[in-house]
Every structure is written in structure tokens, then in C-alpha cells.
Amino acid sequence: MTLLCALLSLSAAATTLIRPSKQAHYFVFPIQENAPTIRVRVVYENREVDHFNIMLARTGVDYTVPYDISRYDVRNLLFIVDSDSKMLTDNTTDEFDMSNTEMYRPAYHHTPSYGWMNDPNGMYYDPATKLWHLYYQCNPYGSKWENMTWGHSTSADLIHWEHQPMAIRPDGLGTIFSGSAVIDHDNTAGFGRDAVIAMYTSAGEAQTQSIAYSTDGGITFTPYAGNPVLRADIPDFRDPKIFRNEQTGEWNVALAAGQEVRYYASRNLKDWRYLSSFGKGYGSHGGVWECPDMIELPVRGTDKTKWVLLLNINPGGPFGGSATQYFVGDWDGQTFRCDHRGARWMDYGKDHYATVSFAGAPDNRHVVIAWMSNWLYANDVPTMQYRSANSLPREIDLYEDKNGELRIGVRPAKEVMKLGKRFTLKPKKGKTATIEISNNSGEVATLTYDKHHQTLTFDRTESGQTAFSKHFPGKVKMPIFPRKGDNMDQVTIDVFVDNCSVEIFDADGRFALTNLIFPNEPMCNYHVE
Ligand code: FRU
């Protein structure tokens, strides 16, 4: 049996073979959202070299996706497509227009140029080039979650992002799930001084951890030949976050393992030894634990630091679906000891998930970015050319609330501060104070400060398009945790409205509130009462 016959016998009953008829940069596939997802196998010189899944159009085309064929001699290239759709035609082109077609594409938040995006991954700052690197979970072949690949963007100012080529693509071990990256200044892994080492989850039959290295400043990555470097016998084992133990000079990694975090240590990023687990009896367990991060944060107004475990959970967030909880405690290089049992939430908005920090941020800064969506409806939000944006970058620290608890304080990164507008909400006696953010069609998003209960409520029920998911419209209510002596007669907030989001930050750096909106025209009126 030839390889082609073997591949065909693996394929579904309805199979189409298609050969690009001319040498070109791209072969273009027509996509119809919600059409069945089918597999495309790429066969070159009689060998399967790639495969991916697409919602191949059957009755109408919502958009098209380009597949790069420039590296192949098309005479030896064949697509085996598990479908009999008549809409698949021989369509090659040298140009594919990626210019924006979406009214909801943010003006100053990071988005992929094309296709689906979820978690930010592998974020690090490179002191040599002064660039911030942001990788992200993406689907290059459609605007719903599939074909997980690491996309890549860079920025000099955390506002303008330049798109880079896809950084890490699926391989024989699986698709590429979330993870982290560090610059290996001391060549501990043996891939060269200052090599960028990414560690990610290979999502194949099992979830295992792999590393890949880059010697060209994070643009192209080579998977390590000895992958995977870490396995476990549980189904949910993912999202490795590397951090450095300055005392021992070792690397540590925190990984989500079911509803726990597991810690490991290594000298070379390849050989890992198990240290400890954290999680039983702590925090919220309404869903799977994902995307941990370990950060040593300063306590505001003191010279102390404490360790914080950021931990994203889905579902099980306090407002439905996805949210970021955190734990404050101590890390001795072996074990994380948490100071409290209950869950603490980092952001009380509905669209704040998969929060992780940049490795190596300059000047002791602690800069994080969250994925600005929620798994309850992320695949259904009303955009198609791309789907999902990242939050504004934020700086975090710890502050002590009036009950003596340490809480994460959040402020916009200093670079983006100028994009916001400042307002003070000062309720009259016995009343609440409100800011209405609206457009000229009467669509409105409302933030209400209730001084008596010390809460903020964000309501997006009338904010425009909301019907795409029953989970989207509604209100979220956030408790403010004041410090001793805070004047709660008023709150001063910085409001950042972009084409599909409202982010609210406390001017005193206590909280943030992150929510999507989809108004039918831009929101540019502000009314405080
Ligand atoms: C979180 C997550 C991660 C996983 C990735 C897959 O949103 O589920 O746990 O690595 O997305 O895309």
C-alpha cells in the first residue's frame, strides 16, 4: 500500500484531493463559521508534512484563510481534504489582504491580525533590543479555537504591536498550548548564551511539556530533540510558567495539574525534578485550574515582598465562566505556603482571563496582560476576521487592606496611562454615583459607585450587541477593599474605552474592572451624575 493509499484509508468517507495548479505564495481555503470542522492533510513528496482543521465552507463563504505553500514545489504537493464540499476550488494567490475589516478591532489593544486568539504566552522583555515580546495562543486557519499555535508580536511601548511570523507550530507531539519563555543569559540549557527558551504544553494524546529555543531573538524557534521534558499521568497537565530561583540559581516551573499547581526544579530547563503541589483546600475549585504564574511582589509602602500565585480558573469565576484568582504567601524554593484559604479575585470584570506576567521586565516592574474574553462566549463574539483582544498591560503590587489582608493592587502600565480619562464618582448623601458611557444611538454601559456598600457595579445590558450569547448581557458587582484611612466618600477612576472594551482602574491602584462591549457605533459620551 502506498503512503497516499494509507492516508486515504485513514480519511473520512468523503474525501477530496486537491493539487494547487500553480506555484504561488498561498493556497486559499473558504471558511464558513459553524460548518463542520474537517481535517486537511498536507502531503509533500508522498509524505504527510502537516495537517490542520478548518470549518470548510459548504453553502456560503464567511471568510477565507491562506495556507503558505511558498516553501513547496507545488508539483509534489497535495491536499487531502476530509470533505466533499463543492466550494473547495483550486485557489492560489501571491497576495492575501490582511488589512482590517472589523469595526470592533481595538485601536490600542493587542489583537492578532487574522484568526482566533486566546491566552497570552511566553511574554518576556529583551533588555538588548528594549522590546516586549508577546506570544499568544492562536488559530492561523480560522476564527474559532483550533490548531493551537504560538503567534507572536513585539512592541517598544506596550501600545503599538508589530506582528511577527508564527513562532511555534504544532508538531508530532501535538498542538502548542500555553506556556512561558525566558532569556537564558547564562546558557544553562546549552542552546547558547541569551537564547530564548520557551516551555509549553504539547497537546497530543496526553498533555506533556516541551521546550523550544530561539537564537534569533525570539523570532524562530526549534523544538528540542529530547521533547517532551516533563510528563504526568493526569489528563489536565499544562501551562508551564518558568521562574528563577535566585538563591539556588535553579529554574523553577509552576504547572496546572487538575485542580492543583505542581512545582518542579531544574538546572538546565531539560531535566526536571518534582518539588511539591499546592491547592487542596485552597481557593476556588469550580473548574479546571489553568495558566499559573509565580511572582514576588513588593508590598506597597514597605520594603517587604511576598510571593503571589496567579491562578486562572474556568469555569468557576464569581461572575460565571473564566476568572483569575490569586494566592498570597511565601515560596522557599520548594513549597508555596499560602496565608489564606479563600479565593481572592484579581479583576471583577467578566473578561479577564489567563493573566500572566512578562519575564525580565525592567526596573523591577511587574507587568501582566490578560486575555480579554471569557470561555462562556469567546468563540461567539461578533467579529470574524480576528477574534479576541488582550487587555491593556497592567502593573501589579500588593497593598494591605483595612483588615490587614494583602491584596493585589492594579494600575495601567505607565506607557498606556495617557489613553485613559479620569473621573471622580462622589455620591450625594444616601445616593449612588454613576458614570454613563454612551454613543449617539443611546447604547450605554454604566458604572455605579455605591458608597454605603463600597461596591462598583458595571452594567452592559444596553451596551449594543449582546444577544450572541445568553451569558453576555448583565451586570457584575465588585467589592472595593479599602486601606485603613481611605476616604470612601468618593472614588477616582481611570476609564479606558476602546472599540470593544471598557477597562476601569482605580486611581489609588486598588482594583481593575475589565469588560467587553459591542456597541453599534463608538462610545464617546461620558456623563457623570
Ligand atoms: C486557557 C487554556 C490553557 C491551554 C490553552 C489552550 O485558556 O485552556 O489551559 O493551554 O487555553 O488553548
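Fair warning: this is a prediction, and the values are worked out from it, not measured in the lab. (Residues numbered from 1 in each chain as written. Predicted model: local features only at pLDDT ≥ 70, side-chain atom pairs only at ≥ 80, totals over all residues. Heavy atoms only, no water.)

### Describing the packing of aromatic side chains
Going by this rule: Pairing of aromatic side chains requires ring centres within 6.5 Å, counting the rings of Phe and Tyr and the six-membered ring of Trp. Pairs whose planes differ by under 30 degrees are stacked, by over 60 edge-to-face, and all others tilted. A run of DSSP states H or I qualifies as a helix once it reaches four residues; a run of E qualifies as a strand once it reaches two. Both are numbered from the N-terminal end. We call a residue buried when its accessible area falls under 20% of the maximum for its residue type, exposed when it is over 50%, and partly exposed in between, using a 1.4 Å probe and counting protein chains only. A ring is considered to have a charge above it if a Lys NZ or an Arg CZ atom is located within 6 Å of its centre and within 35 degrees of its normal.
For the structure on display, the rule yields 42 aromatic pairs. When the ring of Phe 191 is compared with that of Tyr 213, the centres are 4.0 Å apart and the planes differ by 5°; the resulting orientation is stacked. In this pair, Phe 191 sits in the loop between strand 12 (175-184) and strand 13 (195-203) while Tyr 213 sits in strand 14 (residues 207-214), placing the two residues 22 residues apart along the sequence. Here Tyr 213 falls in the partly exposed class, since its relative accessible area comes to 22%. An aromatic cluster of at least three residues, connected via ring pairs, comprises Phe 27, Phe 29, Phe 52, Tyr 67, Phe 79 and Tyr 141. Here Arg 407 stacks its cationic end above the ring of Phe 481, 3.6 Å away from the centre of that ring.

### Details of the layout of surface pockets
To be explicit about the condition: Definitions used throughout: a 1 Å grid over protein atoms alone; a cavity as a set of points that fits a 1.4 Å probe which cannot get out; a pocket as an open set with protein on both sides within 12 Å along at least five of seven lines; a lining residue as one with an atom within 4 Å of a point. Grid points are joined across faces, edges and corners, and a volume is the space filled by probe spheres set on the points. In this classification, Asp, Glu, Lys and Arg are treated as charged, Ala, Val, Leu, Ile, Met, Phe, Trp, Tyr, Cys and Pro as nonpolar, and every other residue, Gly included, as polar.
Quantified by volume, the largest pocket comes out at close to 980 Å³. Taken together, 35 residues form the lining of the largest pocket, with Phe 243, Arg 244, Glu 246, Ala 359 and Gly 360 sitting closest to its centre. At the level of secondary structure, the elements contributing two or more residues to the lining of the largest pocket comprise strand 8 (115-126), strand 12, strand 16 (237-245), strand 20 (288-298) and strand 21 (305-314). The class makeup of the residues in the lining of the largest pocket is 17 nonpolar, nine polar and nine charged.

### Some remarks on unusual backbone geometry
Cis geometry marks the peptide bond from Asn 227 to Pro 228, where omega comes out at -5°. Checked against the element boundaries, Pro 228 lands in the loop between strand 15 (222-223) and strand 16. The omega angle of the peptide bond from Asn 314 to Pro 315 is -15°, so this bond is cis rather than trans. Residue placement: Pro 315 occurs in the loop between strand 21 and strand 22 (323-331).

### Remarks on the site of the ligand
How we decide: One heavy atom within 4 Å of a molecule or strand is enough for the residue carrying it to be called near that molecule or strand. Any N or O atom pair separated by 3.5 Å or less is treated as a polar contact, with the protein-specific requirement of one donor-capable and one acceptor-capable atom, and with residues adjacent in sequence counted only for side-chain atom pairs. Methods summary: accessible areas were calculated by the Shrake-Rupley approach with a probe of 1.4 Å, and residue burial reflects only the protein chains presented.
Around the ligand, the neighbouring residues are Asn 118, Asp 119, Gln 137, Trp 145, Met 148, Phe 177, Ser 178, Arg 238, Asp 239, Glu 290, Tyr 353 and Trp 375. The separation between an oxygen atom of the ligand and a polar side-chain atom of Gln 137 is 2.6 Å. Between the ligand and the protein, one listed contact pairs an oxygen atom with a side-chain N or O atom of Trp 145 at 2.9 Å. When isolated, the ligand has an accessible area of 320 Å², and the protein chains bury 96% of it. Among the elements of the structure, strand 8, strand 12 and strand 16 are those that each provide at least two residues to the shell around the ligand.

### Remarks on the sheet that holds strand 7 (residues 92-93)
Put simply, the rule reads: Strand pairing is defined by DSSP finding a minimum of two bridges between the two strands.
Spatial ordering of the open sheet is given by 5-2-7, a layout of three strands whose pairing is antiparallel. The open sheet has two edge strands with one neighbour each: strand 5 (63-68) and strand 7. Sheet topology places strand 2 (residues 26-31) next to strand 7; two bridges connect them, and they run antiparallel. Counted as the bridge partner of Tyr 26 is Thr 93 from strand 7.

### Here we look at the nonpolar core
So the rule is basically this: Side-chain atoms within 4.5 Å are what join buried Ala, Val, Leu, Ile, Met, Phe, Trp, Tyr and Cys residues into a set we call a nonpolar core. Here, two residues are considered to be in contact whenever any of their heavy atoms come within 4.5 Å of each other.
If you look at the biggest cluster of nonpolar residues, it comprises 46 residues, and the most contacted ones within it are Tyr 263 and Phe 336. Leave out the neighbours within four places in its chain, and Tyr 263 touches Phe 243, Val 253, Ala 254, Arg 273, Tyr 274, Leu 275, Ser 276, Phe 278, Met 294, Leu 309, Trp 331 and Phe 336. Of all hydrophobic cores here, the second largest spans 32 residues; its members include Tyr 124, Ala 195, Tyr 200 and Phe 237.

### Brief notes about the pattern of salt bridges
Two side chains carrying opposite charge are able to pair once their charged atoms lie near each other. As a reminder, the rule being used: Salt bridges, as used here, are contacts in which a Lys or Arg side-chain nitrogen is within 4 Å of a carboxyl oxygen on Asp or Glu.
This model, assessed by the stated rule, comprises 29 salt bridges. The salt bridge involving Asp 84 is made with Arg 58; its shortest N-O contact spans 2.8 Å. Of this pair, Asp 84 sits in the loop between strand 6 (77-81) and strand 7 while Arg 58 sits in the loop between strand 4 (47-54) and strand 5, and the two are 26 residues apart along the sequence. Judged by relative accessible area, which is 37%, Asp 84 ranks as partly exposed. Put simply, Arg 365 and Glu 415 hold a salt bridge, and the shortest N to O gap is 2.7 Å. Taken together, the residues span a long stretch of sequence, with Arg 365 in the loop between strand 25 (353-357) and strand 26 (367-371) and Glu 415 in the loop between strand 29 (406-412) and strand 30 (421-425) at a distance of 50 residues. By relative accessible area, Arg 365 is classed as buried at 11%.

### Thoughts on the environment of Arg 407
On the secondary structure map, Arg 407 appears in strand 29. Classification of Arg 407 as buried rests on a relative accessible area of 12%. If sequence neighbours within four positions are ignored, Arg 407 has contacts with Tyr 326, Arg 344, Asp 397, Leu 398, Tyr 399, Asp 401 and Phe 481.

### A look at the side chain of Thr 446
The residue Thr 446 is located in strand 32 (residues 444-450) in this model. Judged by its relative accessible area of 17%, Thr 446 is buried. Residues contacting Thr 446, with those up to four places away along its chain left out, are Thr 434, Ile 435, Glu 436, Thr 457, Phe 458 and Asp 459.

### Quick word on the domain arrangement of the protein
The line we're drawing: By convention here, the domain bounds are inherited from an automatic or database domain assignment. The buried area of a pairing is the accessible area, by a 1.4 Å probe, that goes missing from both parts when the two are put together, added over both.
Here the domain parsing of the protein yields domain 1 (6-93), domain 2 (115-412) and domain 3 (420-528). Computed over C-alpha atoms, the centres of domain 1 and domain 2 are 33 Å apart. Listed as interface residues are 13 residues of domain 1 and, on the opposing side, nine residues of domain 2. Between domain 1 and domain 2 lies a buried interface of about 930 Å² when both sides are counted; carbon and sulfur atoms form 55% of it. Among the residues domain 1 hides against domain 2, the three largest losses belong to Glu 33, Asn 53 and Tyr 63. Together they make up 42% of the total.

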